[in-house]
Structures are given as C-alpha cells and as structure tokens.
Amino acid sequence: MRKLVLGLLSVLIISCSNEPLKEIKPKVIAYYTGNGETINEFNLFGVDQIIYSFLHLKGNELAIDNEADSISLIGIVEQKKKYPDLKVLVSLGGWGGCKTCSDVFNTEEGREDFAKSTARIIEEYNADGIDLDWEYPAISGFPGHTYRPEDKDNFTDLVVRLRKYMKKGDILSFAAGGFDRFFDNSIDWKKVMPLIDNVNLMSYDLVSGFSKFTGHHTGLYSTNEQKRSGDYGVNYLKKIGVPAQKIVLGAAFYGRVYENVSNINNGLYQSGKFKRGIGHSNFEELTEGFEFYWDSIAKAPYAYHKENKLFFTYDDKKSVRLKSKYVKENGLHGIMFWQLMNDKKSDGLLQVMVNEINGKQWFYKFSCFQNAIPPACFPTSTELISS
C-alpha cells in the first residue's frame, strides 16, 4: 500500500510538472505621510501598495476625524486611476500613535468597534485594506504608553474580527519590530499569520534613538558586533514558522546621526548619543566633512565626521539594491520602506528598488495533488527569468 501511495504521488507530481510557471514578482510597498497633492510629485510606477500613515483611534474606532486626512486619503486613492495595479491601505498607529491601543483592544467591545469602523472606512474611501502598526503589543514601546501581557491574545482576536468584517480580497498586514523581544512576546504567530496577507518587518531603527552605542540601524546582515539585521529578522520569522512568501523586508529612506562618537573604527560600534534623523532627499547636507565607508559584511553604508565626532548610519542606492535582490533570491513577499516623503522626486531610492525588483522575475514551479481534499499545490522549485 505504501508503494502504491508513493507511486500515485509521483504520477501526480509528474503530471503537474508541465503546468505554466506562476509569477511571484515581489511587491514594493511604500509608507507615505504626505497629502493627496504631494503624492502627484512621485513616480509610482512599479509600486504595489501605498500605506497612508497614520490614522488613530477616536474612542474605540479607527477615525478620520479631520478634513485634511479625508482629503489626503481621497487624493491618494485617486492615484489608482493613473496606476491601475496600485493598492492603497490605511494604517493605524505608528511610533507614538497608539497610546490607547492596549486599553481599547483589551475589551471585546473595543475590538469589535474597531473592526467594524475599519471595514467602513476602507469601503467608504475605496481603499484596499489596513496595516496595523501598534508599537508594541505586550512589550514596552513609546515611553509612557500602556502595555499588558493580554495584548498578545487581544491582537489575535482583533485580526480575527477584522477578517470577519473586511471584504474578501481586502489586504490585512501589520508592522513587526525587528528584534527578539517583539518576536517572542508580541504576536501569536501560528494563529495570526494564516489570517494575514503579509508582515512588514521593520528592519530599520535596529540601532534606535535610545541607543548609547552606534551601529547599523538598517543593515542587511548581522556582524560579530551586531546581531540585529534584516537577514536575522527574516530567518528568525522563518524559523518559528512564518512563510517566506508572507515576509516583507524593510528599508530606510532616512538616516540616523549620532554625536560625541570617538574616532575609533571610523565611529562604528562606539559609544554615542542620538542627535537627529535625516531624510534621503536631504543627505547632501551631510556631505561636507564626512568620510563615507562600506561594511562588506553587513552590506551597509556608514559615515564619520572626525572633526565633529558625528556618526551616520543609513541606506543608500547600493544597500537598497542589495536588499531588493535579497528579497527576490529568498522568495519573500516583497520590500517596503519608511517613507516616501523622505525620497528624492527623481533618481531616488524608490527608483533603484523598483528597477531591481522588476528587472528580473522569479517564478515558482508548483506540484499539484489533485486527489487531495481539498486539491493542493505546493512550490517545489524556483526559476529565474530575466526580462
């Protein structure tokens, strides 16, 4: 009987091997904090999602409680006429924007009201879904914001209720911190991921504004001195059972400057104090006096100003290109970035990202088991097709 079953499976696999390959072009996802007018200044060709950031809670409900937000969202959704494949999502929270989330979502009524209001906003504005950016369930995040152990289960129930009220085909995603404490405590991954389209891994701010030491805030790979990286986060999620096809890698269209950094190792992995953030479109402000370096292990750029003892960590065109390539080679859902308003209007990081993602296309080859109940297909290999 065992040989018979194996034989039948072999026949089924062979019979499906000639089926057409299914395209799985990774998605390009842009967070956006601007309005409905400035969005017209950007070329969105090749962008799959714009996530309008951020809406907040008003009582128990997701709210658009001012005219400016309403006009902005309408203007962003209008971009779908120009870019028919574009999806527009709203987002809850952000850093400092989820003060009452733990309290509201700690009640069944609060979770129910939020889910209903979210579905209503998505439908009324012809949007395509929501991204949850609660920083963070069950662990400390923004100073002074409430958190409790129950947040983890409450987040799961919130996702269940959102799926109940959102239309079929609406996108449901969430932003995940790129560090162990979040991975281990904030999300019930086994229950949440089957209901989620993708998780946006915030593989930036890995060296934060609270850090007393410098490092790569958005490095692709770990080093002996720094464990946190994009690759570390991706592999951690995969290890706990999150499918690669649902993971979105993060890039930073901004940098972090640290002061009082000693001239040792060009300022890298030295004590320092966060000074400020700066968008990619304003990087030229930092060119004078800085010397620029490339970490071949982390695949990340950095810079140091010897006279002023300043250290600068950021993404550039080279690192964004390598991250985009990494996404394709590892079969990830896509790449996202914070945020579009920090980019140049032309010849910026988004153009590099889109060119790399669209320059070559990956296809899954599926094996299908038609006699299974229900019939099922599983990816067995990938093939690279250059355009």
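Note that the structure is predicted; figures quoted are calculated from it, not measured. (Residues numbered from 1 in each chain as written. Predicted model: local features only at pLDDT ≥ 70, side-chain atom pairs only at ≥ 80, totals over all residues. Heavy atoms only, no water.)

### So, the packing of helix 10 (residues 317-329) against helix 11 (residues 349-359)
For any two helices packed against each other, one specifies the inter-axial angle together with the distance between the axes. At a closest axis distance of 9 Å, the pairing of helix 10 and helix 11 adopts a crossing angle of 30 degrees. Considered as vectors, helix 10 and helix 11 are oriented roughly parallel to each other. Remark: the crossing between helix 10 and helix 11 carries right-handed chirality. Along its contact with helix 10, which presents Lys317, Val320, Arg321, Ser324, Lys325, Val327 and Lys328, the element helix 11 presents Leu349, Val352, Met353, Glu356 and Ile357. Of the residues belonging to the contact of helix 10 with helix 11, the class tally is 6 nonpolar, 1 polar and 5 charged. (Axes fitted to C-alpha atoms, helices over the stretch in contact; angles between N-to-C directions. Helix = DSSP H or I, 4+ residues; strand = E, 2+ residues; numbered from the N terminus. Parallel < 35°, antiparallel > 145°, perpendicular 65-115°, else oblique. Left-handed = near helix turned anticlockwise from the far one by under 90°. Contact = heavy atoms within 4.5 Å. Nonpolar A, V, L, I, M, F, W, Y, C, P; charged D, E, K, R; others polar.)

### Comments concerning the pairing of strand 14 (residues 310-313)
Alternating residues of strand 14 divide into Leu310 and Phe312 and Phe311 and Thr313, and every residue in both groups is buried. Bridge count for strand 10 (residues 254-259) against strand 14 is 3 bridges, and the pairing is antiparallel. Within strand 14, the position partnered with tyrosine 258 by the bridge is phenylalanine 311. In this structure, strand 13 (residues 300-305) lies alongside strand 14, joined through 4 bridges in antiparallel fashion. Bridging from a neighbouring strand, alanine 303 pairs with phenylalanine 312 of strand 14. Between strand 13 and strand 14, which follow one another and run antiparallel, lie 4 residues, and lysine 309 among them has a positive phi close to 55 degrees. (Buried < 20%, exposed > 50% of the residue type's maximum accessible area, 1.4 Å probe, protein only. Pairing = 2+ DSSP bridges.)

### Overview of helix 6 (residues 151-165)
Taking 1.5 Å of rise per residue, 15 residues should cover 21 Å, and helix 6 covers 21 Å from first to last C-alpha, within 8% of that figure. Here helix 6 has its buried residues at Asp151, Asn154, Phe155, Thr156, Leu158, Val159, Arg161 and Leu162. Those residues of helix 6 that are buried are in contact with helix 4 (101-104), helix 5 (108-124), strand 6 (129-133), strand 7 (171-177) and helix 8 (189-192). (Expected span 1.5 Å × (residues − 1).)

### Considering the environment of leucine 57
Note that leucine 57 resides in strand 3 (residues 49-58). Taking the C-alpha atoms as reference points, leucine 57 and phenylalanine 114, separated by 57 residues in sequence, lie 8.3 Å from one another. Ignoring anything within four residues of it in the chain, the contact list for leucine 57 reads Leu62, Leu92, Thr100, Cys101, Val104, Phe105 and Phe114.

### Section: the packing of helix 5 against helix 6
Put simply, helix 5 and helix 6 touch, their axes get as near as 9 Å, and they point 40 degrees apart. Where helix 5 crosses over helix 6, the handedness of that crossing is right-handed. Facing helix 5, whose interface residues are Glu108, Arg111, Glu112, Phe114, Ala115, Lys116, Thr118 and Ala119, helix 6 presents Asn154, Asp157, Leu158, Arg161, Leu162, Lys164 and Tyr165. Looking at the contact of helix 5 with helix 6, its residues break down into 6 nonpolar, 2 polar and 7 charged.

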